[in-house]
Amino acid sequence: MGSSEKKYIFTFVYHGDEYDLCKMEMRAFFEEDSNTNVLISNVGIDPSRSPFMRDRLEVLFEGSIEEIKEFARTFQVLENTFKVICLNDIALGENDKIPHSERRKVEREVGLCIDAEPELDHPDVLFGLVHLDGRWYFGLYTKSESVWRQHKQRPRSYSTALSTRVARAVSNIAVPHPEGIRAIDPCCGIGTVLIEALSMGIDMDGRDINPLAVVGARENLEHFELNGSVKIGPISEVTEHYDATIIDMPYNLVTYITPEDQLDMLKAARRFSKRMVVVSIETIDEAIQVAGWKIIDRCEAKKGSFSRHVILCE
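Summary of the structure given here. Note that the structure is predicted; figures quoted are calculated from it, not measured. Per-chain numbering applies: the sequence of each chain, read as written, is numbered from 1 onward. Whole-chain, interface and lining totals are the exception, using all residues; otherwise, since this is a predicted model, local features are given only for residues with pLDDT of at least 70 and side-chain atom pairs are given and counted only at 80 or more. Working from all heavy atoms in the structure, the side-chain values ignore hydrogens and water.

Details of the nonpolar core
Counted only if it meets this: Only buried Ala, Val, Leu, Ile, Met, Phe, Trp, Tyr and Cys residues count toward a nonpolar core, and they belong to the same one when joined by side-chain atoms within 4.5 Å. Working definition: with a 1.4 Å probe on protein chains only, accessible area under 20% of the residue-type maximum means buried, over 50% means exposed, and in between means partly exposed. Every helix listed is a DSSP run of H or I at least four residues long, and every strand listed is a run of E at least two residues long, numbered separately from the N terminus. The contact definition used throughout considers only heavy atoms, calling two residues in contact when any of these lie within 4.5 Å.
With 46 residues, the main nonpolar core has Phe 12, Leu 21, Phe 30, Val 277 and Val 310 as its most contacted residues. Top element by residues in this core is helix α1 (residues 19-30). It accounts for seven residues. For Phe 30, the contacting residues outside a window of four places in its chain are Phe 10, Phe 12, Leu 39, Ser 41, Val 43, Ile 45 and Met 53. Of all hydrophobic cores here, the second largest spans 23 residues; its members include Cys 187, Phe 272, Val 278 and Trp 293.

In structure tokens form, the structure reads like this:
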């Protein structure tokens, strides 16, 4: 490939309403986005973290298909069994979908060159092939697992809570790289964001002023066997320092909060955190700035005619 730096190819699937949120999550992960459903990066994110990533290819070789077959003949497979998958079963960027028969043909051709035992149902290792802009790429394949789908079936829920997909994306935007990062959701409700964050290995505490919400959040975390602290109390009583904060303002639909209360919450978060994602059903730019935050990225997360502002601040 001409470079010792790792290269990853990610593919994405999203609804039209999710386009902007997907791109904002991309920017958090990769510090860039793509105007298509494919992104090439040297950042190796686990695709199961994102509700929008379909799969990931860790590139081992790129070139013509004949060059890839030659590479495959010399490639040593440490695992016992393998399978080769062509990712072009959907249109990728400007590249049309490759018909089923052609995908199977190229999978077989490359597979026959690999010195290991093929296994279609339960292989020890998956290899991927993808054709982009006249060039073939071969590498280790990882399919995204939709973990967030399981979290829809939780014991406690609110009709006004964020969807699991939005909650997962918001968690990633707040904490794209979790190592050494402490985060908090100080208005966690029944724990929708907490569940997504903790399931991805993000160190996040929960807090809420409503005792019943705290009981619900704890029950939900226990249901999914997630270990997380959820305390009762207002955001003003947070004394520890956190690297990132997520505040979901839409709970105002069931609990009336004045603009002054909103400002106090934003000021409190500024006191104990250096990064914040705030989700709101209304424009609160002025309050964010008055509280001492600088808006560095934003989007609208839409669902039909309903829209939420997702704002990243530092």
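Focus: helix α3 (residues 100-111)
In an α-helix, one turn spans 3.6 residues, which is why side chains three or four residues apart end up on the same side. Basically, it comes down to this: By this rule, a helix spans an expected 1.5 Å times one less than how many residues it contains. Regarding the arc, it is the one traced by the directions from the helix axis to the C-beta atoms.
If you check α3, its first and last C-alpha atoms are 16 Å apart, about what 12 residues at 1.5 Å a residue would give, namely 16 Å. Taken together, the buried positions of α3 are occupied by Arg 103, Val 106, Glu 107, Val 110 and Gly 111. Projection of α3 onto a plane perpendicular to its axis shows the buried side chains occupying an angular sector of 130 degrees, all on one side. For α3, exposure combined with an orientation more than 90 degrees from the buried face picks out Ser 101 and Arg 108. Against the buried residues of α3 lie α2 (65-74), β4 (81-86), β6 (125-132) and β7 (135-143).

Quick word on the environment of Thr 81
When you line up the elements, Thr 81 lands in strand β4. With a relative accessible area of 15%, Thr 81 lands in the buried category. When the C-alpha positions of Thr 81 and Arg 308 are compared, they lie 47 Å apart, and in sequence the two are 227 residues distant. With residues up to four places along the chain from it excluded, the contact list for Thr 81 reads Glu 117, Glu 119, His 122, Pro 123, Asp 124 and Val 125.

Comments concerning the pattern of salt bridges
Under the convention used in this document: Here, a salt bridge means any side-chain nitrogen of Lys or Arg that lies within 4 Å of a carboxyl oxygen of Asp or Glu.
Counting across every chain of the model gives 21 salt bridges. A salt bridge links Lys 105 to Glu 109; the shortest N-O distance between them is 2.6 Å. With Lys 105 and Glu 109 both in helix α3 and four residues apart, this pair spans about one turn of that helix. Taking relative accessible area as the criterion, Lys 105 reaches 46% and is therefore assigned partly exposed.

Considering the sheet that holds β4
So the rule is basically this: Pairing between strands is defined by DSSP: at least two bridges between the two strands are required. Here an axis means a line fitted to C-alpha atoms, over the contact stretch when the element is a helix, while the angle between two N-to-C directions is reported on a 0 to 180 degree scale.
With respect to topology, seven strands assemble into an open sheet ordered β2-β1-β3-β7-β6-β4-β5, the strand pairing being mixed. Whereas interior strands pair on both sides, the edge strands pair on one side only; in this sheet they are β2 (38-41) and β5 (117-118). Inspection of the sheet shows β4 paired to β5 by two bridges, in the parallel sense. Of the residues in β5, the one forming a bridge with Phe 82 is Pro 118. Against the sheet, α1 touches β1 (8-12), β2 and β3 (53-63), its axis set at about 165 degrees to β1. Strands in contact with α3 are β4, β6 and β7; relative to β4, the strand with the most contacts, it is inclined by about 145 degrees.

Regarding the packing of helix α5 (residues 164-174) against helix α6 (residues 192-199)
We apply this condition: These descriptions rest on fixed angle ranges, namely under 35 degrees for roughly parallel, over 145 for roughly antiparallel, 65 to 115 for roughly perpendicular, and the rest for oblique. Here a crossing is taken to be left-handed if its near helix is turned anticlockwise relative to the far helix by less than a right angle, and right-handed if that turn runs clockwise. Each residue is assigned to one of three groups, with Ala, Val, Leu, Ile, Met, Phe, Trp, Tyr, Cys and Pro labelled nonpolar, Asp, Glu, Lys and Arg labelled charged, and all others, Gly among them, labelled polar.
It is the contact of α5 with α6, at a shortest axis distance of 8 Å, that shows an interaxial angle of 60 degrees. When the axis of α5 is compared with that of α6, the two are oblique. Handedness of the crossing formed by α5 with α6: right-handed. Contact residues: α5 offers Thr 164, Ala 167, Arg 168 and Ser 171, while α6 offers Thr 192, Val 193, Glu 196, Ala 197 and Ser 199. Looking at the contact of α5 with α6, its residues break down into three nonpolar, four polar and two charged.

With respect to the sheet that holds strand β12 (residues 276-280)
Taking strand neighbours across the sheet as the criterion, the seven strands line up as β10-β9-β8-β11-β12-β14-β13 in an open arrangement whose pairing is mixed. In the strand order of this sheet, the two ends are held by β10 (230-232) and β13 (295-303), each with one partner. Ignoring strand direction, the axes of neighbouring strands in this sheet form an average angle of 20 degrees. Sheet topology places β13 next to strand β14 (residues 306-313); eight bridges connect them, and they run antiparallel. Bridge pairing links Arg 298 to Ile 311 in β14. Sitting on the sheet, helix α7 (residues 211-223) is in contact with β9 (203-208) and β10, with an inclination near 170 degrees to β10.

A closer look at α7
Inclusion rule: Nitrogen and oxygen atoms within 3.5 Å of one another constitute a polar contact, given that in protein one can donate a hydrogen and the other can accept it, and given that sequence-neighbouring residues count only through two side-chain atoms.
Counted at 1.5 Å a residue, the expected span for α7 with its 13 residues is 18 Å, and the 18 Å between its end C-alpha atoms agrees. Residues of α7 that are buried sit in contact with α6, β9 and β10. Two or three places before Leu 212, at the start of α7, stands the capping residue Asn 210, its side-chain oxygen 2.9 Å from that residue's backbone nitrogen. Looking one or two residues beyond α7, the residue adopting positive phi is Glu 225, at roughly 55 degrees.

Notes on the environment of Asn 227
With respect to the element layout, Asn 227 can be found in the loop between α7 and β10. Here Asn 227 falls in the exposed class, since its relative accessible area comes to 76%.

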